[in-house]
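# Coordinate inspection notes
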Number of protein chains: 2
Amino acid sequence: MYRTKNCGELRIQNSGEKVTLAGWVQKTRKMGGMTFVDIRDRYGVTQLVFNQEINAELNEKANKLGREFVIQVTGVVSERSSKNTHINTGDVEILVDKLVILNEAITPPFTIEENTDGGDDIRMKYRYLDLRRSNVRQNLILRHKMTFEIRRYLDEQNFLEVETPILIGSTPEGARDFVVPSRMNPGQFYALPQSPQLFKQLLMVSGFDRYFQIAKCFRDEDLRADRQPEFTQIDCEMSFVEQEDVLNIFEGLTKHLFKTIKNIDIQGDFPRMTYADAIKYYGSDKPDIRFDMQFVELKEAVSGKDFVVFDNAAYVGGICAKGCASYTRKQLDELTDFVKRPQIGAKGLVYIRYDVDGSLKSSIDKFYTTDDLKSIATLFNAEPGDLILILAGEKSKTQKALSELRLEMGSRLGLRDKNVYKPMWVIDFPLFEWDEETKRYYAMHHPFTSPKPEDIALLDTDPGQVRANAYDMVVNGVELGGGSIRIHDSKLQNRMFELLGFTPEKAEAQFGFLMNAFKYGAPPHGGLAFGLDRFVSLFAGLDSIRDCIAFPKNNAGRDVMIDAPSVIDQSQLDELNLAIIIK
Amino acid sequence: MYRTKNCGELRIQNSGEKVTLAGWVQKTRKMGGMTFVDIRDRYGVTQLVFNQEINAELNEKANKLGREFVIQVTGVVSERSSKNTHINTGDVEILVDKLVILNEAITPPFTIEENTDGGDDIRMKYRYLDLRRSNVRQNLILRHKMTFEIRRYLDEQNFLEVETPILIGSTPEGARDFVVPSRMNPGQFYALPQSPQLFKQLLMVSGFDRYFQIAKCFRDEDLRADRQPEFTQIDCEMSFVEQEDVLNIFEGLTKHLFKTIKNIDIQGDFPRMTYADAIKYYGSDKPDIRFDMQFVELKEAVSGKDFVVFDNAAYVGGICAKGCASYTRKQLDELTDFVKRPQIGAKGLVYIRYDVDGSLKSSIDKFYTTDDLKSIATLFNAEPGDLILILAGEKSKTQKALSELRLEMGSRLGLRDKNVYKPMWVIDFPLFEWDEETKRYYAMHHPFTSPKPEDIALLDTDPGQVRANAYDMVVNGVELGGGSIRIHDSKLQNRMFELLGFTPEKAEAQFGFLMNAFKYGAPPHGGLAFGLDRFVSLFAGLDSIRDCIAFPKNNAGRDVMIDAPSVIDQSQLDELNLAIIIK
């Protein structure tokens, strides 16, 4: 060992001890004949003292230390005269009598500080230096702690972690697979798993009863903000369970993490909201319920007053922003600009100001009397001082826009505190989504999701109305994960494939081996998968998942640090029986 | 929940309780008016009883149950009249009053028993059924427990588990990479990691201090027996350590696993043997030290007696098999055939029989007097009743053959008990291996392995003699893992690249980003990786790693269950800018 103590553990009680530390030079300061050096490692920072009068040669050596040099020092722990209360070791310093430079360092391209001067691009190129910053390191320590506690909880609940393969077969349905050419099987390809879905269902057929895996998953998608081509799921499956059992276990896991990691006791059961209510009241299947501000539907109340915008709209809805009646013209214009941004796409914004004096003013005074406005305000339970904001248009698009406006108002009003956590379940998802373009139904979750037993009759008459035994866990407007009870009855499964437009041959080609497995005795089963990256970033208070991943890729799917992907040798291509054809 | 209890937990104390169980039909037996059904789940087997006199309809339903049907039963726990001491639930049975068939099953292609009638190929095709067998399931439960305890131990030792990426860059040096074409970067490829080596060293540069990961690794090699294209490593790295520190930590981990998993206390330090001694005394860098039978070198003792086989041999060596003087002609012929097998390749086998009456007989009596034979026997400390077996020829090849013969004799003498564990360290590996074909040195471990400080001078004069700070852990002749102290000095690293025949440009192209990282202050560091699959199979007493992997691939790298790899659509190839050219 190059050290007897680490840089974060010395306290006043260690005074007088002779210790050896090793780490990086955080900074050096020369004050008269004294030189102070902060030495840093993963565990903390300790102050070193060199004194010219005691050892001029050593002092000179210390003065030549550059930032990020790797050093080893030996000396006596001593109480500081001016203590630093910001760090754990702030009561002491080391009077150094031996200094070894283990490695020199050239000047890093950005400062190794919490608030670094480095931009995103350079931090990613030099990610190994970025990871020296204590806040980035803390995110990864948090990730380690969370995965440890996840495993502890699930182990206690009798779950077995089983590794499923990374080199699997390609499934053309769904998102795009990454593929891996097989040298030993010319012209054939493995695929990297988008999730271990099929394998975990096979494990249930195998009688594993309770499975989990913290599993790498892969999706070759055009990367939107905050997507990574490889990501990590907490993947789980259980046998002989109903929806209630799955929700209970994973509500338990979530509470366990809040308690052990954040020291937060979440009291009571997580609220549950149907998908239909989530859309109706929040315009989103992942509502942020840290604040209320529910949608009020106004179509009926506002129709027939000759205001064509409302009369022609399929949907008119609004929210009530408490205490915002005092918003200025400028602020209202900002909100109008906000909803008119292309990614939100509303045509305009209607407001009704319920002033503190009880008077009502609106942008639609031409069409609505004060009494009209008052009765609208009543629908919102609005009080003097409140501001009502209204959007109108095509239903689903307007609900989405109103949802964005609601979140914006929540942010403006400080109602989205990162240290407040409001977990919930969204349940009763539709089984199918109708796609106008291809004129067919798609499975909203995946083709193995079970319909609610009471809705099975609707499969024949009105598939769009069938609700699924599917559920999502949502915290603060972030979808942490979701799952479903699976179909274990082969007749029902075949009916599903039919409704999804699979011919029996295509169903056989794609899912044949799973369907075949089911013939040998499949238990009722269901499961869930959480996005680990999102879970960690939620706990870390980060807006992006990138900083809770050690070596993330950029939006072009590149690792700019190691410069991957890259070209490979012609001999490698030849061995793989491949040629590159760029059109 | 479909059950109130599982199939492994009912005891005599539960008598009289009304319970509901769910599981698979293991077997049914009809005895008079009674039908007995064994119901199985992951946790065990419970006997169900149906009585025609009590409920004829229910009894008839039970009689129609097929093997592997999935059922749910409700009934009262009752003490058995004839108890089964082989199973935990053998004191009780369930008097069933309700039976629900949750799913039917067609007849499985092999029996779901520990000793199945299914061969390897069919078991792999129906792996999901194979996994129902309790011995296969136990291997995976063992794997779960081991990884849990590995994480617990390393967490307590301040190691952080950090996920490194699976989509990385290709490194032409070393084994063949699996590659992944990048759609977003036409003509470019990711590679799958052969190990997280470079990333873990970068994490040390980042100051992570102690890293581990239970990591999937990939190698596109022609599969010999017991190799898998994807395998799992317990990958670790530590900063500010010397070899001794690494050995201590991982000796501790190994003892922890023996204690918590096998309830075996390994007393004292693991023995350490230099690579040179391992080769000299065992002819192998992974000696099985459950038994002694060390090599004795005989070249000097046997030379000059006109026996040209020995006179012309670079190496003559033998082993002494205690108590085997009574071996028959047939047994000796068997051993001769054994060493002459092509994979062992000896030309012949010389024996000296030291009979219990003190007389000596050998296959070389023509050349050696009784006194000659006696003095050879003395070199082995042989006693009357022992058998000396001698091989001669080219040194390294003969040592390898003698090692195989030693293992064979150990097996024949019952000295290789699977329940006896003898862990050890092999240390002081050579830094380089000379390759006659390409006339150059190769790194025995990898190019970042540090030479022993005392041997650094030899780099200039006799590189072949330089020993490395590299080490392997070996248990019962199985190499569980190994590692090294890394070079953290860039001058020494450049000298290594030079000796390995890298031009500065090639070194830069391949390892530039790591070398660049080192310029910013690399700490002294070192690490180790264990093969998890081998570790589990050792603990499970398996000869192959395959049965401790849930979904293994066959020797052609195929998953025969899901039939992967397979062809992909032309549209997928087009998107990837690839064409298949099979010559």
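Up top is the structure these notes are about.
Heads up: these notes are all about the structure in this document.

Thresholds applied
- Residues numbered from 1 in each chain as written.
- Chains lettered and ligands numbered in written order.
- Predicted model: local features only at pLDDT ≥ 70, side-chain atom pairs only at ≥ 80, totals over all residues.
- Heavy atoms only, no water.
- Contact = heavy atoms within 4.5 Å.
- Buried area = accessible area lost by both parts, 1.4 Å probe.
- Salt bridge = Lys/Arg side-chain N within 4 Å of Asp/Glu carboxyl O.
- Polar contact = N/O pair within 3.5 Å; in protein donor to acceptor, adjacent residues only side chain to side chain.
- Helix = DSSP H or I, 4+ residues; strand = E, 2+ residues; numbered from the N terminus.
- Nonpolar A, V, L, I, M, F, W, Y, C, P; charged D, E, K, R; others polar.
- Pairing = 2+ DSSP bridges.
- 1 Å grid on protein atoms, 1.4 Å probe; cavity = no way out; pocket = protein on both sides within 12 Å on 5 of 7 lines; lining within 4 Å.
- Points joined across faces, edges and corners; volume = space filled by probe spheres on them.

A separate point is the interface of chain B and chain A. How big an interface is tends to be reported as the loss of accessible area on association of its parts. Across the contact, 125 residues belong to chain B and 125 residues belong to chain A. It is Glu163, Phe240 and Tyr520 of chain B in chain B that bury the most area against chain A; as a group they hold 8% of the surface buried on that side. Linking chain B to chain A there are 14 salt bridges. The closest approach of N and O atoms between Asp220 of chain A and Arg183 of chain B, which form a salt bridge, is 3.1 Å. Put simply, chain B and chain A have 67 residue pairs in polar contact (both at pLDDT 80 or more) between them. The dominant element in the side of chain B that touches chain A, judged by the number of residues it contributes, is helix H4 (residues 134–156) of chain B, at 9 residues. Here the residues of the side of chain B that touches chain A sort into 70 nonpolar, 24 polar and 31 charged. Sheet topology note: the strand E23 (residues 578–580) of chain A/strand E23 (residues 578–580) of chain B ladder contains 3 bridges and is antiparallel.

Now for empty space enclosed by the protein. Going through the model one piece at a time under the given rule, you end up with 10 cavities of 30 Å³ or more. Of the pockets and cavities examined, the largest cavity occupies roughly 520 Å³. Considering the residues around the largest cavity, the lining is formed by 33 residues, among which Arg151, Ile214 and Ala215 of chain A together with Arg151 and Ile214 of chain B are closest to the centre. Looking at the lining of the largest cavity, the elements with two or more residues in it are helix H4 (134–156) and strand E9 (210–218) of chain A together with H4 and strand E9 (210–218) of chain B. A breakdown of the residues in the lining of the largest cavity according to their chemical character gives 14 nonpolar, 9 polar and 10 charged. Its volume calculated, the second largest cavity comes out at about 150 Å³. As for the second largest cavity, its lining consists of 18 residues, of which Glu163 of chain A together with Lys216, Ile549, Ala550 and Phe551 of chain B are closest to the centre. Elements supplying a minimum of two residues to the lining of the second largest cavity: H4 and strand E10 (230–239) of chain B. Looking at the lining of the second largest cavity element by element, the count peaks at 3 residues for E10 of chain B. Of the residues in the lining of the second largest cavity, the class split is 8 nonpolar, 3 polar and 7 charged.

Residue and element names in this part refer to chain B. As judged from the 4 bridges shared by strand E18 (residues 432–435) and strand E19 (residues 440–443), these two strands associate in the antiparallel manner. For Asp435, the partnering residue across the bridge sits in E19 and is Arg440. The hairpin turn running from E18 into E19, its antiparallel successor, is 4 residues long, and Lys439 in that turn takes a positive phi close to 50°.

Shape is all these values report; function is a separate question.
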